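Chain by chain, the residues run as shown.
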Amino acid sequence: MVDDYFRWVSKIQRTVADNKNILRNSDVYLFGASDSTKVAALELKNLNIRVSGVIDNNKNKCGTVWMGTPIIPPKSLKVSNHTFVIICGGDVYAKKKQLLSLGMAESNIIVVLPSAKSHLEIIWDFIKAYAVYWGLKKKYRERKMIILPINATGDAYLTGRYIKGYITQNNIQTYVLLTSSKSVKKILELYGETYVDVISLGDMDKLKEVVDKVGESKLNVVFLMFWGLYAHQNLIKIEEFTTISFLEMFRGAVMGMNDEKNARLPVFKPLNEIALNEKIVKGKTVLLAPYASTFDDEIDVEWWEELVLYLKTKNYIVFSNTSSESESVIRGTVGASWKYEELVPILDFCGYFIGVRSGLCEVISSSSCRKIIIYQEYMSKRKMEYFSLKNMGLGDSSILTEIKWEDKKKEQILNDIREKIE
Amino acid sequence: MRLLINILWNVFWGALLWRIYQSFNHIPRHSSIYIFPEQDLVLNDVGINCLQRNYAKGALSKPVVLCADLNSISFPKEKRSKEFIIVKVSKRDLKKIIIYANFFAKMEFHTVSLDKPDGNRSFLANQFAGVPSTDIIEYCIFNKI
């Protein structure tokens, strides 16, 4: 599946590059504001070719701007000999017909069809994928393979929270949890799950291929994931669903449970077994978490530095949570990459957590420290309500402050945080 | 190993059956094919109206509807042939065609169903009680196109 995706991306890039000479001095339009069109838009940008607009049949999208380009309905397209439209997959023939009916010449319509593997290639790939399934089946024998394909920290936390209930509800006798991430494994171990194995991403893809083609019911495998991610994303847009949180959606759609009856809390190491950093001062230490890998909308470093300066004037010791080399330590702070099993007791001791909304917020939700969580700017009001820890019912809401980030209000947000810190 | 052979055998039959239905019903190549495997009147009704609306505004080419039970579609019979190519397929054949389309990830095939992997009916019913099922169906299956 990963291979298929890259094959598709490279086909779009190649087609755009092959046509660069005719596109350079023309009015270039893309059909449909979608992920595949985005690839074409980026390739055009790399080649310094300006996109005049994006055509879309969705009335709600028309009039808005997508990747810096206006979205227009098909009837607003000004057809001339210099107008070219690129279609990347998704009911190509209907779109082409629609453009032809608007008077466009067929030669001015560039179509990129999804890379088609031959039937023999698909069968051969399936046999290879089946061999992976067969190997794992032999290894785990009667154990049901419960596969966690999403490597997000928050998803892993919620999986651990409900996995025991899921096992009981589905009458599963023996099982193994399979993930492709060591971090997910560590989070699941906080819940006492001992049979967790890490497999490669390639093997995970192959297992998914077998399940997609054969069906879970015929195999001793279950994929714990949302049925169709876009369905889940669309459902949260419906007005009537405003009370549904990420936790409820996960519990219902992934785990098939209706209440918190079988929910568990993770167990952390006792504080006396942890070698505490000597700089930490009880109740006067702040952990900053300025990075989130799923919601990659960063708040500028200067803002964090200003916050650190204020905290220092109030004699706080400040740490920055960094989990990889790409996440730099905020100036004036001490870098920290505390283990998951130590996070909550250390934070209880520190006293404060200030961070952007990420999966880490779920992990530390049970801490008794004061928490200030910033929801990134791109989150709509609905999305913020959906991911709100308060709405999810995680942790003590009296010690939790949730703030919606807005670039133009960053000074005010800083002042609000100052007021919250004694 | 028996399972592997069984799947490949079903895929072969599905491909063969699809070719037969395609040529007997003069289904043009590259048509969008909508499979209605369920006998759910509400689901099928919303599904078919959604297809009709999108065909009318030019967002779809004439859709092909594969259905085992034509009575589960309440769209007026006299208008059907104008808006769609409706093909009655036996339940057994439909199952094999779905296996074939699924196996080769045929993009032109769409299944109008709320069951896994496209949806989970019991979850929707429990969590979203009171929400019009038409909204759920349009959002889940048709991505509100």
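Residues numbered from 1 in each chain as written. Chains lettered and ligands numbered in written order. Predicted model: local features only at pLDDT ≥ 70, side-chain atom pairs only at ≥ 80, totals over all residues. Heavy atoms only, no water.

A. Just the overall build of chain B, in detail. In terms of regular secondary structure, chain B is built from 6 helices and 4 strands. If you list the helices and strands of chain B from N to C, you get α-β-α-β-α-β-α-β-α-α. Long-range pairs, those at least 24 residues apart, make up 65% of the contacts in chain B between residues at least 6 apart in sequence. Roughly 7400 Å² of accessible area belongs to chain B as shown, and the carbon and sulfur atoms make up 56% of that amount. (Helix = DSSP H or I, 4+ residues; strand = E, 2+ residues; numbered from the N terminus. Contact = heavy atoms within 4.5 Å. Areas by Shrake-Rupley, 256 points an atom, 1.4 Å probe, with all protein chains shown as cover.)

B. Representation of the pairing of strand β4 (residues 69-72) of chain A. Residues and elements named next belong to chain A. As paired strands, strand β2 (residues 51-55) and β4 are joined by 2 bridges and run parallel to one another. Note that in β4 the partner of I55 across the bridge is I72. Here 2 bridges tie strand β3 (residues 65-66) to β4, and the two strands are oriented antiparallel to one another. Bridged to W66 within β4 is T69. (Pairing = 2+ DSSP bridges.)

C. Structural context of helix α4 (residues 91-103) of chain B. Between its first and last C-alpha, α4(B) extends 18 Å over 13 residues, near the 18 Å set by a 1.5 Å rise per residue. Considered for burial, the residues of α4(B) that qualify are D93(B), L94(B), I97(B), Y100(B), A101(B) and F103(B). Contact partners of the buried residues in α4(B): α5 (119-140) and α8 (201-214) of chain A together with α1 (2-24), β1 (33-36), β2 (64-67) and β4 (109-111) of chain B. A positive backbone phi angle near 45 degrees is found at A105(B), which sits one or two residues after α4(B). (Expected span 1.5 Å × (residues − 1). Buried < 20%, exposed > 50% of the residue type's maximum accessible area, 1.4 Å probe, protein only.)

D. View of the pairing of strand β16 (residues 400-404) of chain A. Residues and elements named next belong to chain A. For β16, the buried fraction is high: 4 of the 5 residues fall into the buried class. Here 5 bridges tie strand β15 (residues 370-375) to β16, and the two strands are oriented parallel to one another. Bridging from a neighbouring strand, I374 pairs with I403 of β16.

E. Expanded view of the pattern of salt bridges. Residue and element names in this part refer to chain A. In the structure shown here, the tally under the stated rule is 14 salt bridges over all chains. For the salt bridge of R264 with E193, the shortest nitrogen-to-oxygen distance reads 3.1 Å. Placement of R264 in the loop between α10 (246-254) and β11 (285-289) and of E193 in the loop between α7 (182-189) and β9 (196-198) is noted, with a sequence separation of 71 residues between them. (Salt bridge = Lys/Arg side-chain N within 4 Å of Asp/Glu carboxyl O.)

F. Seen up close, the nonpolar core. By size, the foremost hydrophobic cluster in this structure holds 59 residues, and its most contacted members are I146(A), Y166(A), M255(A), W338(A), L343(A) and F353(A). The greatest single-element share of this core, amounting to 7 residues, is contributed by helix α6 (residues 153-169) of chain A. Each residue touching Y166(A), except ones within four places of it in the same chain, is listed here: I146(A), I172(A), V222(A), L224(A), V254(A), M255(A) and M257(A). Formed by 43 residues, the second largest nonpolar core is a distinct cluster that contains A129(A), L207(A), V214(A) and L66(B). (Core = buried A, V, L, I, M, F, W, Y, C linked by side-chain atoms within 4.5 Å.)

G. Summary view of the packing of helix α11 (residues 301-313) of chain A against helix α16 (residues 410-420) of chain A. Residues and elements named next belong to chain A. Put simply, α11 and α16 touch, their axes get as near as 11 Å, and they point 30 degrees apart. What the angle tells us is that α11 and α16 run roughly parallel. At the point where α11 passes α16, the crossing takes the right-handed sense. Judged by residue contacts, W303, E306, L307 and Y310 of α11 engage K410, E411, I413, L414, I417 and R418 from α16. Considered class by class, the residues forming the contact of α11 with α16 number 6 nonpolar, no polar and 4 charged. (Axes fitted to C-alpha atoms, helices over the stretch in contact; angles between N-to-C directions. Parallel < 35°, antiparallel > 145°, perpendicular 65-115°, else oblique. Left-handed = near helix turned anticlockwise from the far one by under 90°. Nonpolar A, V, L, I, M, F, W, Y, C, P; charged D, E, K, R; others polar.)

H. Geometry of the sheet that holds β2(B). Residue and element names in this part refer to chain B. Strand order in this open sheet of 4 strands is β3-β2-β1-β4, and the pairing throughout is parallel. The open sheet has two free edges, formed respectively by β3 (85-88) and β4, since each of these has just one partner strand. Neighbour to neighbour, the strand axes of the sheet diverge by 25 degrees on average, direction disregarded. Pairing geometry for β1 and β4, over 3 bridges, is parallel. If you follow I33 over to β4, its bridge partner there is F109. On top of the sheet, helix α2 (residues 41-56) reaches β1 and β2; it is set at about 170 degrees to β1, its chief contact.

I. Region of interest: the domain arrangement of chain A. All names here are of chain A. Along its sequence, chain A is organised into domain 1 (2-112), domain 2 (119-254) and domain 3 (271-420). The C-alpha centroid of domain 3 is placed 30 Å from the C-alpha centroid of domain 2. Each side of the interface is counted separately: domain 2 has 19 residues, and domain 3 has 15 residues. Buried area between domain 2 and domain 3, both sides added, is near 1500 Å², and the carbon and sulfur share of it is 69%. Taken together, the connections running from domain 2 to domain 3 amount to 2 residue pairs in polar contact (both at pLDDT 80 or more). Elements with a minimum of two residues in the side of domain 2 that touches domain 3: α6, α7 and α10. (Domains from an automatic or database assignment. Buried area = accessible area lost by both parts, 1.4 Å probe. Polar contact = N/O pair within 3.5 Å; in protein donor to acceptor, adjacent residues only side chain to side chain.)

J. Molecular detail of the environment of S76(A). Residues and elements named next belong to chain A. Position of S76 relative to the elements: it lies in the loop between β4 and β5 (83-88). With a relative accessible area of 39%, S76 lands in the partly exposed category. S76 sits 343 residues away from E419 along the chain, and the two C-alpha atoms are 52 Å apart.

K. Seen up close, a nonpolar patch on the surface. A cluster of nonpolar side chains, namely W9(B), F12(B), W13(B), L16(B), I20(B) and F24(B), defines an oily patch on the protein surface of about 660 Å² accessible area. Summarising the element assignment, F24(B) is placed in helix α1. (Patch = residues over 30% accessible without salt bridge, like charges linked within 9 Å, V, L, I, M, F, W, Y side chains within 5 Å.)

L. Broad picture of the side chain of S180(A). All names here are of chain A. Assignment of secondary structure puts S180 in the loop between β8 (175-179) and α7. By relative accessible area, which is 18% here, S180 ends up buried. Within polar-contact distance, the side chain of S180 engages the side chain of N151 at 3.0 Å.

M. The arrangement of the packing of aromatic side chains in detail. Using the criterion set out here, one finds 20 aromatic pairs over all chains in the structure. Here Y140(A) and Y195(A) contribute two aromatic rings whose centre-to-centre distance is 6.4 Å and whose plane-to-plane angle is 80 degrees, an arrangement assigned as edge-to-face. Residue Y140(A) is found in helix α5, and its partner Y195(A) is found in the loop between α7 and β9; the two are separated by 55 residues along the sequence. Taking the relative accessible area as the measure of exposure, Y195(A) reaches 32% and is therefore partly exposed. Taken together, the ring pairs in this structure connect F126(A), Y130(A), Y133(A), W18(B), Y100(B), F103(B), F104(B) and F109(B) into an aromatic cluster. Here the guanidinium or amino end of K208(A) rests over the ring plane of F223(A), the centre of that ring lying 5.6 Å away. The ring of F103(B) carries K213(A) above its face, with NZ or CZ at 5.3 Å from the centroid. (Phe/Tyr/Trp six-rings, centres within 6.5 Å; stacked < 30°, edge-to-face > 60°. Lys NZ or Arg CZ within 6 Å of the ring centre and 35° of its normal.)

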